[in-house]
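Here's the letter readout for the chains.
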Amino acid sequence: MVQKASRYLVVSDSLYTDGDKRPVRLVLNTRTSRVSPVGDAVACTLRAGDCGPLPDDVAEQLTELDILVPDSRDELTDVLDEQRARARSLASLNYALVPAGFCNMGCEYCGQVHVRGKSTANHRDAVRDRVLRGISRPSTEEVHVGWFGNEPLLSYEIVRGLAAQFVTAADDRGVRYTSTMTTGGALLTPRRLRALYEECRIHAVQAVIDPARPYQRILSVLAGLMPEEFPLLRMTIRCDLADVAEVDAFIDAALAAGLNRPMFEFELRAAATWPRARFAAAEPRWLRRMQEAGLGCGTLIPSPLARPLCPAVTRTAEVISSSGAIFSCTEHPLVPAHEQADILELVAHADHNRQRPAGRYDDWHDRVNRGQQPCSSCPFLPTCGGRCPKRWDDGAPACPSYKHNIQQRLDLVAAKSGLLRCS
Ligand code: SF4
Ligand code: SF4
């Protein structure tokens, strides 16, 4: 069989020596996230997009690792078919609900308009009816509800009331129910978290910290959480930072609070004012620091997408705002330029037996397949999926930082696996 190098390989620029003093490079296959040491000569051939004539045993090994694939295979279409199939599955429903129209934070990085609540009993009932109808559809196997936008804890009782009905309905029908919440954290208390965890089945919470405001109290509330009380909880602490000094101060504060425990994971991102390339260049240093200090910071090597990219490309996912409008993209209800222009329909008038109308980005996979987006030729498509169609449409690349610093990440992986970098 004629074979070729997979288009989803990243070969390390660095040369290392392995335990037998052989020169090797690391080869990352982004379809599997596997990183393999490969002899220098073969790795350089792969980097050129070729596989050249290889000894049978080497070819066999590389085939097993999916580094070599049949020449006839259209990998771009394969990857997009997999991603599209997930986005079109009727078995999984995803509702992103904005229960409050008013946030108590007013963070500078946020594009939201901070107006006091527009949520009315009428459209709350319509939201409830719509989610319950989704749960009861014969094709539904799992339902995910994400509470986000503004500050969902301002609507704590509304969340509890609605979630209790969703959980009961899902249990009655044997539908898997999962739920997450994104919060500024200031209104989070252990008592509330216990209710959200036990009654509302919120097993993943993202606390978004604003570094421009005092955040020590939030960190110490989080530090008081005991894993035995919340065995399934995934607590992510996200912070959008403006420069390296802010990053170091934040890491110091997290360590001082004792958050270097397995139940916490950190996601440090660049604020809008920090150029992405500069952020990416600096990031490996603090990833190493966090790893050494035991602060969870995800994996160095990204995993292949296991779920649909985002609600905006998924017809069975929808965003329902506090004013009762249905959107496809989570940013649309929160940003003035889209809040009116991108309403797909009103929940009070929607036919709950039908999925939401098509939004701006539902043809994303087709666009990539037609080569209309730079993602078509990117080796990170299996892990990234294009990250954010809205951002691309706004004219800004949406690439995650690992696209820019994967080489330094491979160096960190090499160091952890005992490979020595050649100078
Ligand atoms: S298009 Fe971007 S902002 Fe909109 S839902 Fe997808 S990832 Fe989020
Ligand atoms: S967003 Fe960037 S990293 Fe992701 S697939 Fe597209 S080009 Fe690649």
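Use the structure listed above.
Here's a quick rundown of the structure.

The rules we used
Residues numbered from 1 in each chain as written. Chains lettered and ligands numbered in written order. Predicted model: local features only at pLDDT ≥ 70, side-chain atom pairs only at ≥ 80, totals over all residues. Heavy atoms only, no water. Helix = DSSP H or I, 4+ residues; strand = E, 2+ residues; numbered from the N terminus. Rg over C-alpha atoms; globule rule 2.2 N^0.38 Å. Buried < 20%, exposed > 50% of the residue type's maximum accessible area, 1.4 Å probe, protein only. Contact = heavy atoms within 4.5 Å. Lys, Arg positive; Asp, Glu negative; His and termini not counted. Charge placed at Lys NZ, Arg CZ, Asp CG, Glu CD. Near = heavy atom within 4 Å. Nonpolar A, V, L, I, M, F, W, Y, C, P; charged D, E, K, R; others polar. Salt bridge = Lys/Arg side-chain N within 4 Å of Asp/Glu carboxyl O. 1 Å grid on protein atoms, 1.4 Å probe; cavity = no way out; pocket = protein on both sides within 12 Å on 5 of 7 lines; lining within 4 Å. Points joined across faces, edges and corners; volume = space filled by probe spheres on them. Pairing = 2+ DSSP bridges. Right-handed = clockwise from strand over helix to strand, strands pointing away. Core = buried A, V, L, I, M, F, W, Y, C linked by side-chain atoms within 4.5 Å. Axes fitted to C-alpha atoms, helices over the stretch in contact; angles between N-to-C directions. Parallel < 35°, antiparallel > 145°, perpendicular 65-115°, else oblique.

### Quick word on the overall build of the protein
Move 1: Secondary structure summary: the protein contains 14 helices and 16 strands in total.
Move 2: Taken against the 2.2 N^0.38 rule, which gives 22 Å for 423 residues, the C-alpha radius of gyration of the protein at 23 Å falls within 12% of a compact globule.
Move 3: With the C-alpha coordinates aligned to their principal axes, the bounding extent of the protein is approximately 70 × 50 × 40 Å.
Move 4: Each of the 423 residues in the protein was classed as buried or not, and the buried ones make up 50%.
Move 5: Within the protein, residue pairs in contact and separated by at least 24 positions form 71% of the contacts whose partners lie at least 6 positions apart.
Move 6: Mean positive and mean negative side-chain charge positions of the protein (51 and 51 charges, respectively) differ by 4 Å.

### Focus on the site of ligand 2
Move 1: Taken together, Cys375, Cys378, Leu381, Cys384, Gly386, Trp392, Cys399, Pro400 and Lys403 form the complete shell of residues around ligand 2.
Move 2: Residues that form the shell around ligand 2 fall into these classes: seven nonpolar, one polar and one charged.

### Digging into the site of ligand 1
Move 1: Near ligand 1 the following residues occur: Cys310, Pro311, Ala312, Cys329, Thr330, Glu331, Arg387, Cys388, Pro389 and Lys390.
Move 2: Here the shell around ligand 1 is composed, by residue class, of six nonpolar, one polar and three charged.

### Looking at the pattern of salt bridges
Move 1: What the rule picks out here adds up to 32 salt bridges.
Move 2: A salt bridge links arginine 31 to glutamate 75; the shortest N-O distance between them is 3.8 Å. Linking arginine 31 in the loop between β4 (23-29) and β5 (34-39) with glutamate 75 in helix α3 (residues 75-88), this pair joins segments that are 44 residues apart in sequence.
Move 3: Note on glutamate 75: relative accessible area 3%, which makes it buried.
Move 4: A cluster of three or more residues bridged by salt bridges with shared partners is formed by Asp81, Arg84, Arg88 and Asp366.

### Focus: the layout of surface pockets
Move 1: The calculated volume of the second largest pocket comes to roughly 280 Å³.
Move 2: Lining the second largest pocket we find 13 residues, and of these Arg22, Pro37, Val38, Gly39 and Gln61 sit closest to its centre.
Move 3: The set of elements that each furnish at least two residues to the lining of the second largest pocket consists of β4, β5 and α2 (56-64).
Move 4: At four residues, the largest contribution of residues to the lining of the second largest pocket is made by β5.
Move 5: For the lining of the second largest pocket, a count of residues per class yields eight nonpolar, three polar and two charged.

### Here we look at the pairing of strand β9 (residues 176-183)
Side chains on a regular strand alternate between the two faces of the sheet.
Move 1: Here β9 shows one buried face, formed by Tyr177, Ser179, Met181 and Thr183, and one open face, formed by Arg176, Thr178, Thr180 and Thr182.
Move 2: As paired strands, strand β8 (residues 142-147) and β9 are joined by six bridges and run parallel to one another. When the bridges of β9 are listed, histidine 144 appears paired with threonine 178.
Move 3: Crossover β8 to β9 through helix α5 (residues 156-173) is right-handed.
Move 4: Of the crossover connections in this fold, the one passing from β9 over helix α6 (residues 190-198) to the parallel strand β10 (residues 202-209) is right-handed.

### Focus on the nonpolar core
Move 1: Of all hydrophobic cores here, the largest spans 84 residues; its most connected members are Trp147, Leu222, Met235 and Ile237.
Move 2: A per-element tally of this core places α5 first, with eight residues.
Move 3: Each residue touching leucine 222, except ones within four places of it in the same chain, is listed here: Leu188, Ala207, Met235, Ile237, Leu259 and Phe264.
Move 4: By size, the runner-up hydrophobic cluster in this structure holds 18 residues, among which are Cys329, Val368, Cys375 and Cys399.

### Structural notes on the packing of helix α8 (residues 244-256) against helix α9 (residues 276-293)
Move 1: Two elements in contact, α8 and α9, have axes separated by 11 Å at closest approach and are oriented at 10 degrees. Relative to α9, the element α8 lies roughly parallel. On α9, the residues that touch Val244, Val247, Asp248, Ile251, Asp252 and Leu255 of α8 are Ala282, Arg285, Trp286, Arg289, Met290 and Ala293.
Move 2: Residue classes in the contact of α8 with α9 are distributed as eight nonpolar, no polar and four charged.

### Here we look at empty space enclosed by the protein
Move 1: Across all of its chains, the model carries two cavities of 30 Å³ or more by this definition.
Move 2: The calculated volume of the largest cavity comes to roughly 90 Å³.
Move 3: When residues of the lining of the largest cavity are traced back to their parent elements, those giving at least two are α4 (121-136) and α5.
Move 4: Of the residues forming the lining of the largest cavity, the biggest block, three residues, is contributed by α4.
Move 5: Residues belonging to the lining of the largest cavity are distributed by class as follows: eight nonpolar, four polar and one charged.
Move 6: The volume enclosed by the second largest cavity comes to roughly 70 Å³.

### Considering the pairing of strand β12 (residues 264-270)
Move 1: Side chains Phe264, Phe266, Leu268 and Ala270 project from β12 onto a buried face, and the interleaved Glu265, Glu267 and Arg269 project onto a face without burial.
Move 2: As defined by bridge partners, strand β11 (residues 234-241) adjoins β12 across seven bridges and the pair is classed as parallel. What sits directly across from leucine 241, in β12, is alanine 270.
Move 3: The parallel pair β11 and β12 is bridged by α8, and the resulting crossover is right-handed.

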